[in-house]
Amino acid sequence: MYNCAKCPGYCCSYPLIQLTKRDVERLAKHFDLSFEQARKKFTKVETGAKYAMRRKNDEIFGRICRFFDTDERRCTIYTARPTICREYPGGRCGYYDFLASERNSQNDPEHVATTWNK
């Protein structure tokens with residue numbers, strides 16, 4: 001089974017973090033904003049999505065969710081996180097499987113994961 005506490009936030013770095021109208025409403029409530037204020041502040045127009053999360057620079061993955069703490073490698077809005085984040089991974093986590101495979105082939109239980117620890 002995967003352990004998100006040991007992940008550098010791979011799923012938070014996806015190029016498209018699609019939001020629903022309900023997600024934008026949840027963010028608006030969380031930050032005490034109107035829907036329109038939250039939409040303008042937190043979303044962008046992206047092909048194939050009515051609402052997409054704005055992202056920010058990240059030294060590990062290049063770009064990452066704007067609500068991801070890049071020092072602690074954790075979500076800063078966990079209780080208000082979007083539906084896609086709540087449902088992830090929906091089965092197995094590909095990044096965790098990759099880490100497990102690399103650690104096994106390197107015979108090193110800390111391989112890859114330690115590259116982002118400070």
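Scope of this entry: the structure provided in the associated data block. (Residues numbered from 1 in each chain as written. Predicted model: local features only at pLDDT ≥ 70, side-chain atom pairs only at ≥ 80, totals over all residues. Heavy atoms only, no water.)

## Section: the sheet that holds strand E3 (residues 49-53)
Then step 1. In space, the three strands of this open sheet follow the order E1-E3-E2, with antiparallel pairing throughout. Only two strands of the sheet have a single partner each, and these edge strands are strand E1 (18-19) and strand E2 (43-46).
Then step 2. Pairing between E2 and E3: three bridges, direction antiparallel. The residue bridging Thr43 from the neighbouring strand is Met53, located in E3. (Pairing = 2+ DSSP bridges. Helix = DSSP H or I, 4+ residues; strand = E, 2+ residues; numbered from the N terminus.)

## Considerations on the packing of aromatic side chains
Then step 1. Applying the stated criterion to the full structure yields seven aromatic pairs.
Then step 2. The interplanar angle of 80° and the centroid separation of 6.1 Å between the aromatic rings of Tyr14 and Tyr88 together place this pair among those described as edge-to-face. Here Tyr14 is found in the segment before E1, whereas its partner Tyr88 is found in the loop between helix H3 (83-87) and helix H4 (94-106), with 74 residues between them in sequence.
Then step 3. The class of Tyr14 is partly exposed, set by a relative accessible area of 30%. (Phe/Tyr/Trp six-rings, centres within 6.5 Å; stacked < 30°, edge-to-face > 60°. Buried < 20%, exposed > 50% of the residue type's maximum accessible area, 1.4 Å probe, protein only.)

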